[in-house]
Structures are given as C-alpha cells and as structure tokens.
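# An overview of the molecular structure
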Amino acid sequence: MGKTGPLVALALVFVAASGAGYAQDDAKHERAFGRYVMATGAVPRSQLEAIVHLGDQLVDVLRERWGGDPLYGRGRIVVRVHATRTGYLRALDRTYGEGASSLPSIGWASYCGGACDVCLQPDERATLSTALHELTHVVQTRLCGCFGGSVWIWYREGLAVALSQYTVRADGRARFGVLDRPVEIQRSRAAAQRVAEIGYDPVASVRRMWPLDYVEAYALVGAMSRLREPDLAARWAEFEKAVSEGAHEGMTFVRIFRPHRLRLAAAIRRVWAVDGPPRRRP
Ligand SMILES: [Zn+2]
C-alpha cells in the first residue's frame, strides 16, 4: 500500500503545492503504454518509457523470485500513472473506495485487484521509485495470492521499499534492492533494536498495522536477504518460498525463526554493522 514513507515525504510536499486541476473524466483519457502501464493526463513520454523499461526488468526479477508469470493467467496487472494530483485522488476514490484519498500518499496498490495508481512527481526518479514500489505489491499479489487479510506489513513494505531502490548500468540493466543509502536506513540504535525485536515477534506485527515504518521494514528485509550464516539464510529462503505458496506470513515466520530468535537478532545486527548503517552512540 502506499502510505507515504520517509523516503518520499519530501516529494509529497512539492506535489501538494503543484496540484493543477484536471476536470475531465480521467478514465476516458487513459492511454495504454507497454503491457501494463496506463497514463492519465499529460504524463511525459520519457517518464512512461522509463517506467516500462525498469518495470519490465523488475517483473522478471520477481518472476524469478517467486515463479509464475504475473502478466498472464490470473488477470492482468495495471500501473496507472496520473499527471495531476486531482486525477490521482479521483482514481483512488473510484478504485479503492472512500478513505483512500484522505491519507497522504503518492502511490496506492490494491492487494487483491491487480492494479495500482501512481501520482506523477516533479522528480522523475521519485515517480519511478513509487511506480516500482507499487508494482512490487501488485506482482506479489498476483504471484503469491492475496493472503485473505493476513497481511504482514513489514515483509511487504520492506520488500517493496527495497526493490524500489535501484541503480542502472550504462547498458540500461537495472539492479534492484540496493542498500546504498544507509543514512535513510537507520536513524537510531533504538530503531534497530525495535526492528530486531519485532523481527522475531511478528505477532505484534500482525496485530498492529504499522509497527515499523517503511525505513525500518526496508532495513529488516534487506538484512534478512544478506544473512551470512548459511542455515539462517536457508531459513529465510524457506520463509519466502512458503509465503509464495500462500502460507500465512506471521505464522510461518514464527515456525521457522522463533527457535533461533536470539541468533537471528545477533545476525541482523552483524549485517547492519558491515553493510553500513551508522552506529551512532547515544
Ligand atoms: Zn507499499
């Protein structure tokens, strides 16, 4: 889902100040671009091309991760990009019901509907990251099912934030899940501690919608993907595979990791120590 995280909060401010009116019926003015991208209003062609270019590569990455093909089979996926904030908010009301447009956001995905909406940002890279974030949610839903409400927020959002961070090589190939902005990852030792604690006590994560913020969830998923202990890394792979087959995320995490929770917490801290989160002393 698309609550605004710390990584995008700044962009939101600019958008709020620049929302021009778009009075026509937006749905009638949608135009398709690529296999699953739709544009509403005057979205620059270069922006749409960039979303298709990176989005196609991200779909391939997710297809390898979970197997299956999100573009065929269980209904199509759609990424709608809106040129104006008013058009975006109207789409939220139309697609996700009342309430969605009242929360501050620049992107929104339906966990079961296969669609997401993205509001064009002044900064092309911010729009791209938002599109990749929401696309991750949509593809995850298509490939892993909609989980019937057993949504485990830190895994979903952490993964979406991680995969929306990317670098592009000279040949145009992208690498997703780049943990190269440690300043955003760890704002305090206390946050790191909380992440590690909730990481092995996911009951709290299930009961409360937002026990971690986006940056913390990102840090945790990133760390889980970089565990250096082979048996713990294998358990993380086992967790992701079970989830991709429709298992309840929280229950599965407890089953796989609870017996090893102390070692896991230590291993997460070791990853952070090496991968660069600043360890400021209080
Ligand atoms: Zn999200």
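Since this is a predicted model, take the numbers as computed values, not measurements. (Residues numbered from 1 in each chain as written. Predicted model: local features only at pLDDT ≥ 70, side-chain atom pairs only at ≥ 80, totals over all residues.)

In terms of helices and strands, the protein carries twelve helices and seven strands. Every one of the 282 residues in the protein was classed for burial, and the buried ones make up 39%. Counted over contacts in the protein with a minimum sequence separation of 6, partners at least 24 positions apart contribute 70%. (Helix = DSSP H or I, 4+ residues; strand = E, 2+ residues; numbered from the N terminus. Buried ≥ 20, exposed ≤ 12 C-beta atoms within 10 Å, placed from the backbone. Contact = placed C-beta atoms within 7 Å.)

Within the secondary structure layout, Arg-263 lies in helix H12 (residues 261-275). Expressed as a C-alpha distance, the spacing of Arg-263 and Glu-229, which sit 34 residues apart in the sequence, is 9.6 Å.

The subject of this paragraph is the nonpolar core. Residues Ile-51, Val-79, Val-81, Cys-116, Ala-131 and Leu-135 are the most contacted members of the largest nonpolar core, which totals 51 residues. Per element, the largest residue contribution to this core is seven residues, and it comes from helix H5 (residues 153-163). (Core = buried A, V, L, I, M, F, W, Y, C linked by C-beta atoms within 7 Å.)

Considering the arrangement of structural elements, one finds Phe-176 in strand S7 (residues 174-176). The exposure class assigned to Phe-176 is partly exposed, which follows from the 17 C-beta atoms found within 10 Å. C-alpha separation for the pair Phe-176 and Val-61, spaced 115 residues apart in sequence, amounts to 8.4 Å.

With 22 residues, helix H2 (residues 45-66) ought to run about 32 Å at 1.5 Å a step, and its terminal C-alpha atoms sit 31 Å apart, in line with that. Gly-67, located one to two residues past H2, shows a positive phi value of around 80°. (Expected span 1.5 Å × (residues − 1).)

Attention shifts here to the confidence of the model for the protein. In the predicted model, the protein carries a mean pLDDT of 73, and 67% of its residues have values of at least 70. Low pLDDT, under 50, characterises residues 199-211; the predicted model gives this stretch 26 contacts beyond four residues in sequence or across chains. In the model, residues 277-282 has pLDDT below 50 throughout and makes 13 contacts with residues more than four positions away in sequence or in other chains. (pLDDT = per-residue confidence, 0-100.)

We now examine the environment of Ile-51. Residue position: Ile-51 is located in helix H2. Classification of Ile-51 by C-beta neighbours within 10 Å gives buried; the count is 27. In this structure, the C-alpha to C-alpha distance between Ile-51 and Leu-132, residues 81 residues apart in sequence, is 7.8 Å. If sequence neighbours within four positions are ignored, Ile-51 has contacts with Val-37, Val-79, Val-81, Leu-128 and Ala-131.

Moving on to the packing of H2 against helix H4 (residues 124-144). If you want to describe how two helices pack, look at the angle between their axes and the distance between the axes. As a packed pair, H2 and H4 sit with axes 9 Å apart at the nearest point and diverge in direction by 35°. The way H2 lies across H4 gives a crossing that is right-handed. Contacts from Gln-47, Ala-50, Ile-51, Leu-54, Gly-55, Leu-58, Val-59, Leu-62 and Trp-66 of H2 reach H4 at Glu-124, Thr-127, Leu-128, Ala-131, Leu-132, Leu-135, Thr-136, Val-139, Leu-143 and Cys-144. In terms of residue class, the contact of H2 with H4 is made up of 14 nonpolar, four polar and one charged. (Axes fitted to C-alpha atoms, helices over the stretch in contact; angles between N-to-C directions. Left-handed = near helix turned anticlockwise from the far one by under 90°. Nonpolar A, V, L, I, M, F, W, Y, C, P; charged D, E, K, R; others polar.)

Here we take up the sheet that holds strand S4 (residues 107-109). Spatial ordering of the open sheet is given by S1-S2-S3-S5-S4, a layout of five strands whose pairing is mixed. Taken across any chain shown, the strands that pair with only one partner, and hence form the sheet edges, are strand S1 (30-33) and S4. On average, each strand axis in the sheet is tilted by 20° relative to the strand beside it, whichever way the strands run. Examined bridge by bridge, S4 and strand S5 (residues 115-119) share three bridges and lie antiparallel to one another. (Pairing = 2+ DSSP bridges.)

The pairing of S1 with strand S2 (residues 37-40) spans four bridges and is classified as antiparallel. Looking at the pairing, Glu-30 lines up with Thr-40 of S2. Taking the residues that link successive antiparallel strands as the turn, the S1-S2 hairpin has three residues, and the phi of Gly-34 there is positive, at about 70°. Here S2 pairs with strand S3 (residues 78-82) via four bridges, running parallel. The residue bridging Ala-39 from the neighbouring strand is Val-81, located in S3.

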